[in-house]
Amino acid sequence: MMDSRKNTSSKAETTSKPVLKQKSRSVDSGRGKTRIGKAAKGKSGAQADIDKHYQEILDWFARNNPFAKSELHYKNAYELLVAVILSAQCTDKRVNMVTPALLARFPDPLSMSRSDQEEIYSYIKSISYPNNKAAHLLGMAKMLQSDFGGQVPDTVEDLMRLPGVGRKTANVIASVIFDKPAMAVDTHVFRVSARLGLTHDAKTPLEAEKQLVSHIPENILGKAHHWLILHGRYVCTARKPHCEECGLSELCPYFQANWDGDASLSADAKETASSRPLESPEKEPARMNESVSRKEPVSLKKSVSPRKLASAKGKSASSKGNSKK
């Protein structure tokens, strides 16, 4: 197995205020510039437009979030595998709160394989679907020991044999740990790629993955996954996307078709919005709490005056008396 690479909790980092360059033709992936969308002789105009659209969006991400990485905490392939299994339908922040104690008790597949589902459950009970995930972790650890010599396999096919590991999880491990050209498509990537016009009529994550892989250079596929997932997590959110704060609005078909506010933002407003750093994960729960608080029923004491409350109690007592008669 390859040497593990440390990954700390990442806050998306930004560079100076971006300027959308409509004629940009290259992406700086950190390994030299990669050209895509080069209109070859005979290439259709529609295909050339798609390539140009990809190029412009990737250029924007490369300038504004050059250090994108996973927000899960891990030290090696096994720890990342555990964390990604736990992260299904759960926030990375919650997973990062649970994994330190879990991995201290089970620092390797062997120790976890010798445990049982009940003990694993006791460490992850605050995670969504803890019973299923405890069973998956135990099965995963046992298979790593029995079939792979205690090592995390480096191919998507072998990874998908493990309990609790689907194609998305397998692609994450293959890309992040083994530096393989893989695009993991979760709910954020699926949504953002469709809204930005990077995918068209994709009905499944696999269809979206195939479209993205066919247009994004291999050497930046892994980073592109993090670009899309972070953008979906903090800017292009599911219910109320922050289009007014997004620096990609000029390139976004979703914004152009659905924005019902002031679509012609001032130059200063666009510059401020596009240079706004992606929010840290610590800010997300606050926004979530705000949305929850609006749905909670208003307290009776706050919504009804004392006089009306007394009147209501009197009527209730009167009706009970009548019912007894």
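Shown above is the structure to which this text applies.
Structure report, in brief. Since the structure is predicted, the reported quantities are computational estimates derived from the model, not experimental observations. (Residues numbered from 1 in each chain as written. Predicted model: local features only at pLDDT ≥ 70, side-chain atom pairs only at ≥ 80, totals over all residues. Heavy atoms only, no water.)

Describing unusual backbone geometry
- A positive phi angle, near 50 degrees, is found at Tyr129, a position not held by glycine.
- For Tyr129, the position within the fold is in the loop between helix 5 (117–124) and helix 6 (130–148).
- The backbone phi angle of Asp201 is positive, close to 60 degrees, even though this residue is not glycine.
- Within the secondary structure layout, Asp201 lies in the loop between helix 9 (187–195) and helix 10 (205–215).
- Taking relative accessible area as the criterion, Asp201 reaches 66% and is therefore assigned exposed. (Helix = DSSP H or I, 4+ residues; strand = E, 2+ residues; numbered from the N terminus. Buried < 20%, exposed > 50% of the residue type's maximum accessible area, 1.4 Å probe, protein only.)

Some remarks on the pattern of salt bridges
- For the structure shown, the criterion picks out six salt bridges.
- The partner of Asp147 in a salt bridge is Arg161, and the shortest N-O contact between them spans 2.8 Å. Taken together, the residues span a long stretch of sequence, with Asp147 in helix 6 and Arg161 in the loop between helix 7 (156–159) and helix 8 (167–176) at a distance of 14 residues.
- We classify Arg161 as partly exposed; its relative accessible area is 43%.
- Two residues, Asp158 and Arg161, come together in a salt bridge whose shortest N-O distance is 3.9 Å.
- The exposure class of Asp158 is partly exposed, given its relative accessible area of 26%. (Salt bridge = Lys/Arg side-chain N within 4 Å of Asp/Glu carboxyl O.)

Quick notes on the environment of Tyr254
- Relative to the helices and strands, Tyr254 resides in helix 12 (residues 253–258).
- Put simply, Tyr254 and Cys243 are eleven residues apart on the chain and 9.2 Å apart in space, counted from C-alpha to C-alpha.
- Ignoring any residue separated from it by four or fewer positions in sequence, one finds Tyr254 in contact with Arg195, Pro241, Cys243 and Trp259. (Contact = heavy atoms within 4.5 Å.)

Notes on helix 8
- Most of helix 8 is tucked away: eight of the ten residues are buried.
- Buried residues of helix 8: Thr169, Ala170, Asn171, Val172, Ile173, Ala174, Ser175 and Val176, and no others.
- At its buried positions, helix 8 is contacted by helix 2 (77–86), helix 7, helix 10 and helix 11 (221–234).

What about empty space enclosed by the protein?
- The tally for this structure, following the rule as stated, stands at four cavities of 30 Å³ or more.
- Here the second largest cavity is characterised by a volume of approximately 90 Å³.
- Every residue lining the second largest cavity is counted, 14 residues in all, and those nearest its centre are His231, Cys236, Cys243, Cys246 and Cys252.
- In terms of residue class, the lining of the second largest cavity is made up of ten nonpolar, three polar and one charged. (1 Å grid on protein atoms, 1.4 Å probe; cavity = no way out; pocket = protein on both sides within 12 Å on 5 of 7 lines; lining within 4 Å. Points joined across faces, edges and corners; volume = space filled by probe spheres on them. Nonpolar A, V, L, I, M, F, W, Y, C, P; charged D, E, K, R; others polar.)

A look at the nonpolar core
- Membership of the largest hydrophobic core comes to 41 residues, with the highest contact counts inside it found for Met112, Leu137 and Met140.
- Counting only elements with at least two residues in this core, the list comes to helix 2, helix 3 (92–105), helix 5, helix 6, helix 7 and helix 8.
- Here this core gets nine residues from one element, more than from any other, and that element is helix 2.
- For Met112, the residues in contact, after removing those within four places along its chain, are Tyr78, Val82, Leu102, Phe106, Ile120, Leu137, Leu138, Met140 and Ala141. (Core = buried A, V, L, I, M, F, W, Y, C linked by side-chain atoms within 4.5 Å.)

Re the side chain of Arg195
- Inspection of the secondary structure puts Arg195 in helix 9.
- Glu244 provides the closest opposite charge to the buried, unpaired Arg195, separated from it by 11 Å.
- In this structure the side chain of Arg195 is engaged in a polar contact, spanning 2.8 Å, whose partner is the backbone oxygen of Thr237.
- What Arg195 contacts, discounting residues up to four positions off in sequence, is Cys236, Thr237, Ala238, Pro241, Cys252, Pro253 and Tyr254. (Lys, Arg positive; Asp, Glu negative; His and termini not counted. Polar contact = N/O pair within 3.5 Å; in protein donor to acceptor, adjacent residues only side chain to side chain.)

Observations regarding the side chain of Ser87
- Secondary-structure assignment places Ser87 in the loop between helix 2 and helix 3.
- Overall, Ser87 belongs to the buried group, its relative accessible area being 11%.
- Only 2.7 Å separates the side chain of Ser87 from the backbone oxygen of Val84, close enough to count as a polar contact.
- Apart from residues no more than four positions distant in its own chain, Ser87 is found in contact with Leu72, Asp92, Val95, Lys133 and Lys168.

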